[in-house]
Amino acid sequence: AQSVTQLDSHVSVSEGTPVLLRCNYSSSYSPSLFWYVQHPNKGLQLLLKYTSAATLVKGINGFEAEFKKSETSFHLTKPSAHMSDAAEYFCVVSESWAGGGKLIFGQGTELSVKP
Amino acid sequence: KAGVTQTPRYLIKTRGQQVTLSCSPISGHRSVSWYQQTPGQGLQFLFEYFSETQRNKGNFPGRFSGRQFSNSRSEMNVSTLELGDSALYLCASSLDGGGNTGELFFGEGSRLTVL
């Protein structure tokens, strides 16, 4: 079975400083990995996805993630945090089979951005 | 292009009652998935419908059911409500199920409170 573990339940940064949200995955084969963001009282939005092409994936709003097979990690980064980045972030692995699939979510990391 | 619409946004029920939630997917999307989000369990997959057929199902009791109509709109029903059913129920649509691409488009959710 596939799974993802987000190593921090809460991360706090100052505006303008780098963001690092950590995610490790467990998969018996090459996974498809994603990061989603959820702003308060909103649905989830796809930030970026890795599907075995380039290991460094660029997403929306300046976020990036690097797939490291040797470390089974898919950490999310951003060089400079903005106040609008405050939200909950989910690392996700997809499980697919003939005729369907589903997403398996990590427990989430709440990002706070201080002025 | 309209996004995923969920109704109602908020509702309060008492134990033993039943509830029906509705989801209108993005136009042209044939797959609708449902997820339950709670503080303790996080985001968990309920089921997915594709072209009016339930294609995948998560590990939830039979009290949770759903259906999809010919216009791709979907409903989920929870019967004999329990306190633990209090949650944010998220609907997501995609062209083909999202399990392969991870590209699900989420609604803002229906927040159910069971008293």
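This section reports on the structure supplied with the text. Note that this is a predicted model, so its numbers are computed, not measured.

It is worth spelling out the state of the cysteines at this point. Such a bond, covalent and formed between the sulfur atoms of two cysteines, is termed a disulfide. One pass over the full model with this rule turns up 2 disulfides over all chains. Through a disulfide, A:Cys23 is tied to A:Cys91; the S-S separation comes to 2.0 Å. Taking the sign of the S-S torsion, about -70° here, the bridge from A:Cys23 to A:Cys91 comes out left-handed. With a gap of 68 residues between them, A:Cys23 in strand S4 (residues 23–26) and A:Cys91 in strand S10 (residues 87–97) connect regions that are remote in the sequence. Overall, the relative accessible area of 0% leaves A:Cys23 in the buried class. The class for A:Cys91 is buried, based on a relative accessible area of 0%. Put simply, B:Cys23 and B:Cys91 are joined by a disulfide, and their sulfur atoms are 1.8 Å apart. With the S-S dihedral at roughly -60°, the linkage between B:Cys23 and B:Cys91 falls on the left-handed side. Within this pair, whereas B:Cys23 is found in strand S3 (residues 19–24), its partner B:Cys91 is found in strand S9 (residues 87–94), the two being separated by 68 residues in sequence.

What follows deals with the sheet that holds strand S7 (residues 64–68) of chain B. Across a sheet, strands are paired by hydrogen bonds formed along the backbone, either parallel or antiparallel in direction. All names here are of chain B. Ordered in space as S1-S3-S8-S7, the 4 strands form an open sheet in which the pairing is antiparallel. In this open sheet, the two strands that pair with only one neighbour each are strand S1 (5–7) and S7. Strand-to-strand twist across the sheet, computed as the mean angle between neighbouring axes with direction ignored, equals 15°. With 3 bridges joining them, S1 and S3 adopt antiparallel strand pairing. Bridge assignment links Gln6 to a residue of S3, and that residue is Cys23.

Calculation notes
Residues numbered from 1 in each chain as written. Chains lettered and ligands numbered in written order. Predicted model: local features only at pLDDT ≥ 70, side-chain atom pairs only at ≥ 80, totals over all residues. Heavy atoms only, no water. Disulfide = S-S within 2.5 Å. Helix = DSSP H or I, 4+ residues; strand = E, 2+ residues; numbered from the N terminus. Buried < 20%, exposed > 50% of the residue type's maximum accessible area, 1.4 Å probe, protein only. Pairing = 2+ DSSP bridges. Axes fitted to C-alpha atoms, helices over the stretch in contact; angles between N-to-C directions.

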